[in-house]
Amino acid sequence: MKIVVCETEKEVSKIAADIIIAKMKFNNSLNLGLATGSSQLGLYQVLVRVFEKGVISFEKVKTFNLDEYLDIERSHPQSFYSFMDANLFKHVNIKKENIYIPNSKLAKSASSVAWYNDMLSENPIDIQMLGIGRNGHIGFNEPGTSFDKEVFVAKLTQETRIDNASGFGCVSQVPKYAITMGIKNIMSAKKIVLIVTGIHKAKIIEQMINGKINDKIPASILKTHQDCLVILDKDAASLLKKGEEQK
Ligand code: GLP
């Protein structure tokens, strides 16, 4: 695992975007694994700007999102579909049929979980973007989830529901379940880029980097991936000692 520490959030987004842009220039039919959350916003802003300048095209790109809440409509303002549409999809030339997000309405039926798993098996992810929860979750793989899981319906921890409550009004409105890529799907990506910003993530980053690989900290498994880059701002890296960036 390679770790880069940046002075600013802007720099974090720029480095992440540059990696995707370089891959898109090399292979215009990239399979891009995407994440939601505030840590990804700057990245999407850069990608939209670069698209508007005509440097990249999404015409042949397929996107695969990590997760979606269960039992909310796509059109719900807090659905991950709405997040992706507002921040990326509606601003670029991606084809609707190339956007893959777990179908939350159908997710309770085993067929929908199987469908998303099949889509991921048929379309190996070239780059998987990730954020991390304060409890170390990636996607919605909460602490204690087996590293062997493929797409499944996850029960969200109360901590995650509290963290994700802004926009829902109150915690009780946050869905209790979500459909998510499992760790096994995430780890099959050829390259993984984890973006982490903010002082509230400093503790989990220190634990992920210095702790044992353990399902209590789902993101710790990333240390075994052959090509994983972690991009931190200086706040998220503030509990790391000098030199630990090399782990
Ligand atoms: C949600 C997503 C995660 C993401 C996390 C971090 O819980 N399911 O995939 O990593 O948010 O969000 P943020 O970037 O806002 O800190």
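Just above sits the structure.
The rules behind these values
- Residues numbered from 1 in each chain as written.
- Predicted model: local features only at pLDDT ≥ 70, side-chain atom pairs only at ≥ 80, totals over all residues.
- Heavy atoms only, no water.
- Helix = DSSP H or I, 4+ residues; strand = E, 2+ residues; numbered from the N terminus.
- Buried < 20%, exposed > 50% of the residue type's maximum accessible area, 1.4 Å probe, protein only.
- Lys, Arg positive; Asp, Glu negative; His and termini not counted.
- Salt bridge = Lys/Arg side-chain N within 4 Å of Asp/Glu carboxyl O.
- Contact = heavy atoms within 4.5 Å.
- Pairing = 2+ DSSP bridges.
- Axes fitted to C-alpha atoms, helices over the stretch in contact; angles between N-to-C directions.

Details of the side chain of K201
Within the element layout of this structure, K201 appears in the loop between β9 (191–196) and α7 (202–210). In this structure K201 is buried but unpaired, with D163 as the nearest side chain of opposite charge at 7.0 Å. Setting aside chain neighbours within four positions, we find K201 in contact with I132, G133, R134, V196 and A236.

Side note on the environment of F64
One can find F64 in strand β3 (residues 62–65). For F64, a relative accessible area of 0% puts it in the buried group. A C-alpha to C-alpha distance of 12 Å links F64 and I94, two positions 30 residues apart in sequence. In this view, F64 contacts N31, L32, G33, L34, Y100, Y116, M119, L120, N123, I125 and M181; residues no more than four positions away in its chain are not counted.

Structural notes on the sheet that holds strand β8 (residues 177–180)
Across the sheet, three strands lie side by side as β4-β8-β7; this open sheet has antiparallel pairing. The strands lining the two open edges of the sheet, one partner per strand, are β4 (67–69) and β7 (152–155). On average, each strand axis in the sheet is inclined to that of its neighbour by 30°, with strand direction left out of account. The pairing of β7 with β8 spans four bridges and is classified as antiparallel. Pairing of A154 across the sheet is with A178, part of β8.

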